[in-house]
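Residue strings, one per chain:
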Amino acid sequence: MTAQTTPDTTATQTVKPSVLFVCVHNAGRSQMAAAYLAHLSDGSIEVRSAGSAPGDAVNPAAVAAMAEEGIDISANRPKVLTDAAVQDSDVVITMGCGDACPFYPGKRYEDWKLEDPAGQGIEGVRPIRDEIKTRIQQLIAELLPAGTSK
């Protein structure tokens, strides 16, 4: 018997797509994006986030904004961007890290122009969070076959 190549049978046999979110401090935008992707893809996508100059802690306003969505990122810590993280990812999404992100052929790169939540209160972070959610929903639709995400 030969394996069929229909979307229904190959979806379970393929490796999960992986996405890396990169911003300077890995304390706001990239943390919210990674949390949304992990939550909304229900584990169907491997998620990483990192910063070119990581901060000491995740932005408290970002933590509060995500808590409003039922997503807890309070235990998250900013991580340093490594070449390995880029190499191990299929999609690399930058959010204002400029040229600090290494480039490898064969990767899908996107630069999401998003306002920096640093120094903003919850009222300023909510619209950034909502824009990130919309972009994440579109990304999931592009990366996963229909019917495999929430």
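See the structure printed just above.
A brief look at the structure comes next. (Residues numbered from 1 in each chain as written. Predicted model: local features only at pLDDT ≥ 70, side-chain atom pairs only at ≥ 80, totals over all residues. Heavy atoms only, no water.)

**Things to note about the sheet that holds strand 4 (residues 108-111)**
- An order of 2-1-3-4 is seen for the 4 strands of this open sheet, with the pairing classed as parallel. Either end of the sheet is taken by a strand with one partner, and the two such strands are strand 2 (46-51) and strand 4. Between one strand axis and the next, the sheet turns through 20° on average, direction left out of account.
- Of the pairings in the sheet, the one linking strand 1 (residues 18-23) to strand 3 (residues 91-94) comprises 4 bridges and is parallel in character. In the strand pairing of strand 3, Leu20 is matched with Val92.
- Packed on one face of the sheet, helix 5 (residues 122-143) meets strand 1, strand 3 and strand 4 and runs near 165° to strand 4. (Pairing = 2+ DSSP bridges. Helix = DSSP H or I, 4+ residues; strand = E, 2+ residues; numbered from the N terminus. Axes fitted to C-alpha atoms, helices over the stretch in contact; angles between N-to-C directions. Contact = heavy atoms within 4.5 Å.)

**Description of helix 2 (residues 29-40)**
- Its 12 residues give helix 2 an end-to-end C-alpha distance of 16 Å, which sits within 8% of 16 Å, the value for a rise of 1.5 Å per residue.
- The element helix 2 is extensively covered by neighbouring structure, given that 10 of its 12 residues are classed as buried.
- Within the span of helix 2, buried status applies to Arg29, Ser30, Gln31, Met32, Ala33, Ala34, Ala35, Tyr36, Leu37 and Leu40.
- Where helix 2 is buried, its residues contact strand 1, strand 2, helix 3 (60-67) and helix 5.
- Just downstream of helix 2 lies Asp42, where phi reads positive at about 55°. (Expected span 1.5 Å × (residues − 1). Buried < 20%, exposed > 50% of the residue type's maximum accessible area, 1.4 Å probe, protein only.)

**Some remarks on unusual backbone geometry**
- The phi torsion at Asn26 lies on the positive side, around 50°, for a residue other than glycine.
- By the element assignment, Asn26 lies in the loop between strand 1 and helix 2.
- Of note in this structure, Asp42 is not a glycine but carries a positive phi near 55°.
- Note that Asp42 resides in the loop between helix 2 and strand 2.
- Here Asp42 falls in the exposed class, since its relative accessible area comes to 56%.

**Describing the nonpolar core**
- Among the nonpolar cores identified, the biggest contains 32 residues, and Val19, Phe21, Leu37, Ile93, Met95, Ile132 and Ile136 are the most heavily contacted of them.
- Among the elements of the structure, strand 1, helix 2, helix 3, strand 3 and helix 5 are those that each provide at least two residues to this core.
- Those residues in contact with Met95, other than ones at most four positions away along the chain, are Phe21, Val22, Cys23, Arg29, Ser30, Ala33, Asp111, Trp112 and Leu114.
- Judged by nonpolar contacts, the second largest core, of 9 residues, contains Leu81, Ala85, Val92 and Cys101. (Core = buried A, V, L, I, M, F, W, Y, C linked by side-chain atoms within 4.5 Å.)

**Comments concerning the pattern of salt bridges**
- Taken as a whole and judged by the stated rule, the model has 11 salt bridges.
- Among the ionic pairs, Glu68 bridges to Arg126, the shortest N-O distance being 2.5 Å. A residue pair is termed long-range when its members are at least 10 positions apart, and Glu68 in the loop between helix 3 and helix 4 (83-87) and Arg126 in helix 5 qualify at 58 residues.
- For Glu68, a relative accessible area of 40% gives the class partly exposed.
- When its relative accessible area of 23% is taken as the criterion, Arg126 is described as partly exposed. (Salt bridge = Lys/Arg side-chain N within 4 Å of Asp/Glu carboxyl O.)

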